[in-house]
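# Results of the structural survey
Here is what each chain is made of, one letter per residue.
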Amino acid sequence: LDISRPWHSVPSRGIYRGGCGDDARRFLCEIIDEDSPLSRNALLGVMRSFEYDGLWEASIDLLHAFVHSVYLPSIPKWRFVRDTMGLSSDYTETEAVLSKQEREELLAEMLTSTMRACNRSGHFGLAILQCNILDSTYFNKDAFPSKEDCITSTILSQGLIKNRSVFECYSHSLRKLGCGRITELLTRKLSQDWNSIKDRNPRLDTKYMRISDSWCSAMIAMNRIIETCLLIRRGNESTSSESLILVERGLFRAMSHCLDSKQSTAALHLFKYAAKALKHKEQESFTKRVLNFLGGDRRSREKPSDIIFETTDYMDLAKQLGDSVNSVLIDSYNTSGKMEGARIHFFESKEDCSRVMVQSSNSIMTSFLQSDDFEWTDFLDKLSAECLTPSTFLTIARHFSDIGDCQQVGEIYNKARSAGCVSEELGLIAMKAVNESEISKGKMTILRKIVRDVSNLVGMSETDWISSNYWNIKGYVGFHHARLLMKWNDPKTSQKEELLLAVSEMRKCVKKGIVTKNAPLHCIVKQGQLFSAVGEFPISERQAMAAINLILEACVEADRSGLFNDYTFTAEVAKSLRGLRGNKQCISIAKALISRKLKHKVAVEEGIHAASEERDDDAFQLFVNFYEKSGCNSSDLLRASS
């Protein structure tokens, strides 16, 4: 290559045309392979090309390649110079090499570009992870304080976070992950050094002023993994089995928290970082050092650029670790949309592995079920008996139940029954499939057989199990089959029987001091509509008042559980109260909703009608004003009330 050619301008101009990241990567590899001078502007141009094209993985690879090839070595592996423009062919390396301060500034700029690329793709946790890894491993090896639970002090102890551009990307990631309060604390502490930081970071919105417990836990767990990997690298002895167990537990905890925060890419890269640290330790053996000395290392025959964007195989670590880590790793692949990677990892980790892969088998099932040609029966037949658990069949049954394949659900239930893996939820899903199937006769017979299997499993009689799980059963099979299972055979009295069951369950919960479930409360507040449907107010005034009191009692219980804030619940309450001629109580419910600024349209409409009938002008005007402020037109409603 001609060193007078401004290679750094090619990728830089490409940014304004949309990135041209692939072209920039090819130019960079040519420069490195032919040992031509590489300038600071060229490297930043490539990074920004990756950033604008969304090539965040390539950006991470180049960042770490720069650290190992230029930032850390006393003599850079790349011919890295300040600027290629104006260099003569006989220049000396010492004239153009970067100083330590210049290398640190360039490292911060490249990290900022990488974090921006991750943030633009929605990988906020990955951006934070890259900053933590880079700072603790290379930039500031004593980054983490002894108090691991103090997240703010842990972040402030990092050297790279003092860079304003890095901090802006870091704080943006934290805000998107629901940690705006931590960002504000960091901003206040750093504002003493940066007088203009408030202009760059305006006051946070209230929706970001919360603390995400899952991501805070993920940060703490990730920092511990980074610390552990650093200790393993610095140790003189090989990694023991006890150390592997500790790494396995820490990885499982950290990766699980990342998945809870919907940051699967952070979980994947954390695993790769730990695997690389352990693999690096194994390569420091005596045999490896002899091979390197004699020139037997395979990497010596590769192009220098091949190791920048290579895909490293970490299956050796996967085979050493347990089922829990492999399971969460497969879940991370699935959540990231890398279904093929999940399948390859499962089959390769399953080979030569003496451990039982129960959790991994269940996790890979999610990936397999996305394929239309997946034969789940063949897959289950290939699994060992130790890998078959109730959750294995439950995962398959949920999938086919969601797509409405009743026949497949029935086959799964029979297969689980033969393997002794029946569970309550699987039984309920099978009952739902029977209800939705096209079987013309014998549905109740099949349902009762399923009830017998499940009740025997939990050690209850069939009658007791049906009574204690009536509301769940009703949700799966509907009211008709649920009442027949309860032996409420008379359709005229079955709804009253259900109401008595709901009242009894609510009273039991109140007596025990526990929150009542939503389904019984919904049943109670619908009774006004039930009675009004029979005729023109067929019950006495005393009976109506008793029903109104039950509805109000249900509202108190709903307020404890948060159900009162639900739109459909308050609509049922208001309609029932109006049907029972409880206008005053309906007005009170509507006022309670307005005081909480809950825009429940149906309940307020019923309140307007009730206030009109009771000639309560103050309440009527209050409801109308709130109704109109909510964006609704009250003209038709007022005409109906008049």
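The structure contained in this document is the topic of the report that follows. Being a predicted model, the structure only gives us computed values, none of them experimental.

## Things to note about the overall build of the protein
- A tally of regular secondary structure across the protein gives 35 helices and two strands.
- When the 642 residues of the protein are sorted by exposure, 48% land in the buried category.
- Intrachain contacts of the protein at a sequence separation of at least 6 include 69% that bridge at least 24 residues.
- Accessible surface for the protein amounts to roughly 32,400 Å². Of this, 48% is attributable to carbon and sulfur atoms.

## Some details on the nonpolar core
- One finds Phe-66, Leu-174, Trp-215 and Leu-251 to be the most contacted residues of the largest nonpolar core, which totals 177 residues.
- Of all the elements, helix α12 (residues 213-234) adds the most residues to this core, at twelve residues.
- When neighbours within four sequence positions are excluded, Leu-174 is seen to be in contact with Ile-128, Ile-155, Cys-179, Gly-180, Ile-182, Thr-183, Leu-186, Trp-215 and Met-219.

## Notes on unusual backbone geometry
- Of note, Arg-581 is a non-glycine position whose phi angle comes to about 60°, a positive value.
- Here Arg-581 lies in the loop between α31 (567-579) and α32 (583-595).
- With phi around 60°, Lys-597 is a residue other than glycine that occupies positive phi space.
- In this fold, Lys-597 is placed in the loop between α32 and α33 (601-614).
- Using a relative accessible area of 69% as the deciding quantity, one classes Lys-597 as exposed.

## Brief notes about the pattern of salt bridges
- A complete count under the given rule lists 19 salt bridges for this structure.
- Between Glu-51 and Arg-120 there is a salt bridge, and its shortest N-O distance comes to 3.4 Å. Of this pair, Glu-51 sits in helix α3 (residues 40-53) while Arg-120 sits in helix α6 (residues 100-120), placing them 69 residues apart in sequence.
- Judged by its relative accessible area of 53%, Arg-120 is exposed.
- The residue Glu-425 makes a salt bridge to Arg-398 at a minimum N-O spacing of 2.9 Å. Note that Glu-425 is positioned in helix α23 (residues 424-436) and Arg-398 in helix α21 (residues 390-402), a separation of 27 residues in sequence.

## With respect to the side chain of Ser-576
- Position of Ser-576 relative to the elements: it lies in helix α31.
- Here Ser-576 falls in the buried class, since its relative accessible area comes to 0%.
- Of the polar contacts made by the side chain of Ser-576, one reaches the backbone oxygen of Val-525; its length is 2.3 Å.

## Observations concerning the packing of aromatic side chains
- Under the definition given, this model contains three aromatic pairs.
- Both rings, one in Tyr-470 and one in Trp-471, keep their centres 4.9 Å apart while their planes meet at 75°; by these two values the pair is edge-to-face. With respect to burial, Tyr-470 and Trp-471 carry one shared label: buried.
- A centroid spacing of 5.3 Å and a plane angle of 55° characterise the contact between Tyr-470 and Trp-488, whose relative ring orientation is tilted. You can see Tyr-470 sitting in helix α26 (residues 470-485) and its partner Trp-488 sitting in the loop between α26 and α27 (491-512), a full 18 residues away along the chain. Each member of the pair, Tyr-470 together with Trp-488, is buried.
- Through a chain of ring-to-ring contacts, three or more aromatic side chains come together here, namely Tyr-470, Trp-471 and Trp-488.

## Here's the deal with the side chain of Asp-453
- Along the polypeptide, Asp-453 turns up in helix α24 (residues 443-458).
- At 2.8 Å, the side chain of Asp-453 forms a polar contact with the side chain of Tyr-413.
- Excluding residues that lie within four positions of it along the chain, Asp-453 makes contacts with Tyr-413 and Arg-417.

## A few points about the packing of α6 against helix α9 (residues 164-176)
- Orientation of α6 relative to α9, taken along the N-to-C sense of each, is 20°, at an axis distance of 9 Å. It follows that α6 is roughly parallel to α9 by the angle criterion. Remark: the crossing between α6 and α9 carries left-handed chirality. Here α6 contributes Ala-108, Leu-111, Thr-112, Met-115, Arg-116 and Asn-119 to the contact with α9, which in turn contributes Ser-165, Val-166, Cys-169, Tyr-170, His-172 and Ser-173.
- Grouping the amino acids of the contact of α6 with α9 by side-chain chemistry returns six nonpolar, five polar and one charged.

## Observations regarding the environment of Asp-22
- Tracing the sequence through the fold places Asp-22 in helix α2 (residues 21-33).
- Separated by 24 residues in sequence, Asp-22 and Val-46 place their C-alpha atoms 9.3 Å apart.
- Look past the residues within four positions of Asp-22 in its chain and what remains in contact with it is Asp-53 and Leu-55.

## A word on helix α17 (residues 323-335)
- The end-to-end C-alpha distance of α17, which contains 13 residues, comes to 18 Å, matching closely the 18 Å that a straight helix rising 1.5 Å per residue would cover.
- Burial analysis of α17 places eleven of its 13 residues in the buried class, which makes it a mostly covered element.
- Residues of α17 that are buried include every one of Asp-323, Ser-324, Val-325, Asn-326, Ser-327, Val-328, Leu-329, Ile-330, Ser-332, Tyr-333 and Asn-334, and no others.

## Overview of the environment of Ala-590
- Here Ala-590 shows up in helix α32.
- Ala-590 sits in the buried class, given a relative accessible area of 0%.
- Placed 16 residues apart in sequence, Ala-590 and Glu-606 show a C-alpha to C-alpha distance of 8.2 Å.
- Ignoring sequence-local partners within four residues, the contact set of Ala-590 consists of Ala-603, Gly-607 and Phe-623.

## Remarks on a nonpolar patch on the surface
- Together, Leu-457, Val-458 and Met-460 make up an exposed nonpolar region whose accessible area comes to about 230 Å².
- Relative to the helices and strands, Met-460 resides in the loop between α24 and α25 (462-468).
- The class for Met-460 is partly exposed, based on a relative accessible area of 32%.

Reading guide: rules and limits
Residues numbered from 1 in each chain as written. Predicted model: local features only at pLDDT ≥ 70, side-chain atom pairs only at ≥ 80, totals over all residues. Heavy atoms only, no water. Helix = DSSP H or I, 4+ residues; strand = E, 2+ residues; numbered from the N terminus. Buried < 20%, exposed > 50% of the residue type's maximum accessible area, 1.4 Å probe, protein only. Contact = heavy atoms within 4.5 Å. Areas by Shrake-Rupley, 256 points an atom, 1.4 Å probe, with all protein chains shown as cover. Core = buried A, V, L, I, M, F, W, Y, C linked by side-chain atoms within 4.5 Å. Salt bridge = Lys/Arg side-chain N within 4 Å of Asp/Glu carboxyl O. Polar contact = N/O pair within 3.5 Å; in protein donor to acceptor, adjacent residues only side chain to side chain. Phe/Tyr/Trp six-rings, centres within 6.5 Å; stacked < 30°, edge-to-face > 60°. Axes fitted to C-alpha atoms, helices over the stretch in contact; angles between N-to-C directions. Parallel < 35°, antiparallel > 145°, perpendicular 65-115°, else oblique. Left-handed = near helix turned anticlockwise from the far one by under 90°. Nonpolar A, V, L, I, M, F, W, Y, C, P; charged D, E, K, R; others polar. Expected span 1.5 Å × (residues − 1). Patch = residues over 30% accessible without salt bridge, like charges linked within 9 Å, V, L, I, M, F, W, Y side chains within 5 Å.

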